[in-house]
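Notes for the structure review
Listed below are the residues making up each chain.
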Amino acid sequence: MVRWAESSELSDLISIELAADGLFQSVGIEFPPGTTQIEEVDDPGSVLVEGEPPAGFALVGWLDGNLHLEQLAVHPSRMRQGIGGRLITAVREHARACGAPAVTLTTFRDVPWNAPWYERHGFTVLPDAAWGPELRALVEQERELGIEVAPRVVMRG
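Residues numbered from 1 in each chain as written. Predicted model: local features only at pLDDT ≥ 70, side-chain atom pairs only at ≥ 80, totals over all residues. Heavy atoms only, no water.

1. A word on the side chain of R152
The cut-off we apply is this: Numbering of helices and strands starts at the N terminus; helices are DSSP runs of H or I of at least 4 residues and strands are runs of E of at least 2. Pairs of N or O atoms within 3.5 Å make up the polar contacts considered here, provided that, within protein, one atom can donate a hydrogen while the other can accept it, and that residues adjacent in sequence are counted only when both atoms are side-chain atoms. Only heavy atoms matter for contacts: two residues are in contact if any of them lie within 4.5 Å across the pair.
By the element assignment, R152 lies in strand 7 (residues 152-156). Only 3.2 Å separates the side chain of R152 from the side chain of E142, close enough to count as a polar contact. When neighbours within four sequence positions are excluded, R152 is seen to be in contact with T106, T107, F108, R109, E142 and I147.

Shown next, in the form of structure tokens:
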């Protein structure tokens, strides 16, 4: 069941993000050193979780009037059980409930569990001419942080 995270659960989500990020090594992607995205969160109202204890989470924020999926992570030991799909459904439902026209995200174009997975869940690549100023600034920030270690795309769903 997808629900909003409790404050006490935020620190436990770090291990999920680290384990999920570790999968990228299998496709030759190494992330630059630094904190995880979930470590930067102090508001559990921006984090949806699935499971007791959580096996995955979706971190959301707002960019250009759209709900923006900042991070979706499922622990590798719990992958392929529909957790990511339930989380993305909950993110979309939250966007609709808040009146957001869409959900946006940035992701790796060629990693099977990234852009191709989101495409199967109804997302499409958003051409850069359609990016708003906040989304454009995020993409630039990701480049500056060294996250763009493989081709990335912006998607909308």
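2. Quick notes on the sheet that holds strand 7
This is how it is decided: Any two strands are treated as partners once DSSP identifies two or more bridges connecting them. The convention used is that axes are lines fitted to C-alpha atoms, helices contributing only their stretch in contact, and that angles between N-to-C directions extend from 0 to 180 degrees.
Taken in spatial order, the seven strands make up an open sheet running 1-2-3-4-5-7-6, and their pairing is mixed. One side of each edge strand has no neighbouring strand; the edge strands of this open sheet are strand 1 (2-4) and strand 6 (124-125). As judged from the four bridges shared by strand 2 (residues 47-50) and strand 3 (residues 56-63), these two strands associate in the antiparallel manner. Looking at strand 3, one finds that V47 is bridged to L59. Contacts from helix 1 (residues 13-22) reach strand 2, strand 3 and strand 4 (66-74), with the element oriented near 80° to strand 4.

3. Side note on the pattern of salt bridges
Applicable threshold: Just to be clear on terms, a salt bridge is a Lys or Arg side-chain nitrogen sitting within 4 Å of an Asp or Glu carboxyl oxygen. Relative accessible area decides the class of each residue, using a 1.4 Å probe on protein chains only: under 20% of the type maximum gives buried, over 50% gives exposed, and in between gives partly exposed.
A full pass over the atoms with the stated rule returns six salt bridges. The salt bridge involving R86 is made with E50; its shortest N-O contact spans 3.1 Å. A residue pair is termed long-range when its members are at least 10 positions apart, and R86 in helix 2 (residues 83-98) and E50 in strand 2 qualify at 36 residues. In this structure R86 comes out as partly exposed when scored by relative accessible area, which is 38%. One connected set of salt bridges, linked through shared partners, spans R3, E9 and E52.

That's the geometry; what it means functionally is another story.
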